[in-house]
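This is what each chain is made of:
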Amino acid sequence: MTDTHRSLTVDRAREGVYVARNADGVELTFGAGGMSPVELLMAALAGCAAVDVDTATSRRAEPERFTVRVDAEKLTEGGNRLADVVVTFDVAFPPGPDGDVARTILPRALTVSHDKACTVSRTLEAPTPVTMRTA
């Protein structure tokens with residue numbers, strides 16, 4: 001049986017600064033002077049899609065360039081949220097048959113990531129209930 005539960009904690013380090021910690025003890029500090037929670041969400045989206053696309057394409061050829069950019073508009077009317085989220089891949093593969101194959105499968109890899117594989121984008125697009133409570 002596969003363990004489907006995911007969990008992490010966020011502790012306040014000091015005013016405006018927080019530390020996220022996963023079950024393996026890996027830590028990520030964010031907040032004042034660093035990435036904001038919104039930027040972390042955008043990074044999670046880019047990272048999830050990047051892993052999917054990199055896994056599919058780099059089997060064929062090692063990329064010469066692999067950059068993922070996320071752009072979004074932050075809306076405040078009716079409650080804060082992001083809109084018009086666009087994930088742009090800037091990927092280049094070397095010339096030759098292996099690079100040609102990687103270039104050919106790149107669009108399909110983007111589609112599979114978006115439509116099926118990337119948990120982050122799938123969650124953002126799905127109606128996903130979030131419950132806030134006290135311990």
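Residues numbered from 1 in each chain as written. Predicted model: local features only at pLDDT ≥ 70, side-chain atom pairs only at ≥ 80, totals over all residues. Heavy atoms only, no water.

How would you sum up the nonpolar core? Please name residues and give values.
By size, the foremost hydrophobic cluster in this structure holds 10 residues: A49, V53, A56, A61, F89, V91, F93, A102, L106 and A109. Contributing elements (two or more residues each) for this core: α1 (37–58), β5 (81–92) and α2 (97–117). Not counting residues within four places of it along the chain, the set of residues in contact with A61 comprises F93, P94, D98, G99 and A102. (Core = buried A, V, L, I, M, F, W, Y, C linked by side-chain atoms within 4.5 Å. Buried < 20%, exposed > 50% of the residue type's maximum accessible area, 1.4 Å probe, protein only. Helix = DSSP H or I, 4+ residues; strand = E, 2+ residues; numbered from the N terminus. Contact = heavy atoms within 4.5 Å.)

With reference to specific residues and values, describe the pattern of salt bridges.
On inspection of all chains with the given rule, the structure shows five salt bridges. Where R69 meets D71, a salt bridge forms, and the shortest distance between an N and an O atom there is 2.8 Å. Note that R103 is salt-bridged to D100, the shortest N-O span being 2.5 Å. In this pair, R103 and D100 are both assigned in helix α2, three residues apart and thus about one turn of the helix distant. Several salt bridges share partner residues, and in doing so they unite D11, R21 and E27 into one network. (Salt bridge = Lys/Arg side-chain N within 4 Å of Asp/Glu carboxyl O.)

Mind laying out the sheet that holds strand β3 (residues 27–31), listing which residues take part and the relevant values?
Strand order in the open sheet formed by three strands is β1-β2-β3, with antiparallel pairing between adjacent strands. Among the strands making up the open sheet, the edge pair consists of β1 (8–14) and β3. Each strand of the sheet is rotated relative to its neighbour by a mean of 25°, with strand direction disregarded. As paired elements, β1 and strand β2 (residues 17–22) share six bridges and run antiparallel to each other. In the sheet register, D11 faces β2, and the bridge partner there is V19. (Pairing = 2+ DSSP bridges. Axes fitted to C-alpha atoms, helices over the stretch in contact; angles between N-to-C directions.)

I'd like a rundown of the state of the cysteines, residues and numbers included.
Enumeration over the complete set of coordinates arrives at one disulfide. C48 shares a disulfide with C118; S-S distance 2.5 Å. Highlighted residues: C48 in helix α1 and C118 in the loop between α2 and α3 (119–125), separated in sequence by 70 residues. Of the two residues, C48 and C118, neither departs from the other in class, the shared state being buried. (Disulfide = S-S within 2.5 Å.)

Tell me about the packing of aromatic side chains, and name the residues and values.
Applying the stated rule across the entire model yields two aromatic pairs. Taking 6.0 Å as the distance between ring centres and 90° as the angle between the ring planes, the aromatic pair formed by F66 and F89 counts as edge-to-face. Taken together, the residues span a long stretch of sequence, with F66 in strand β4 (residues 65–75) and F89 in strand β5 at a distance of 23 residues. For F66, a relative accessible area of 26% translates into the label partly exposed. Residue F89 is classed as buried on the basis of its relative accessible area of 17%. (Phe/Tyr/Trp six-rings, centres within 6.5 Å; stacked < 30°, edge-to-face > 60°.)

These figures capture arrangement, not role.
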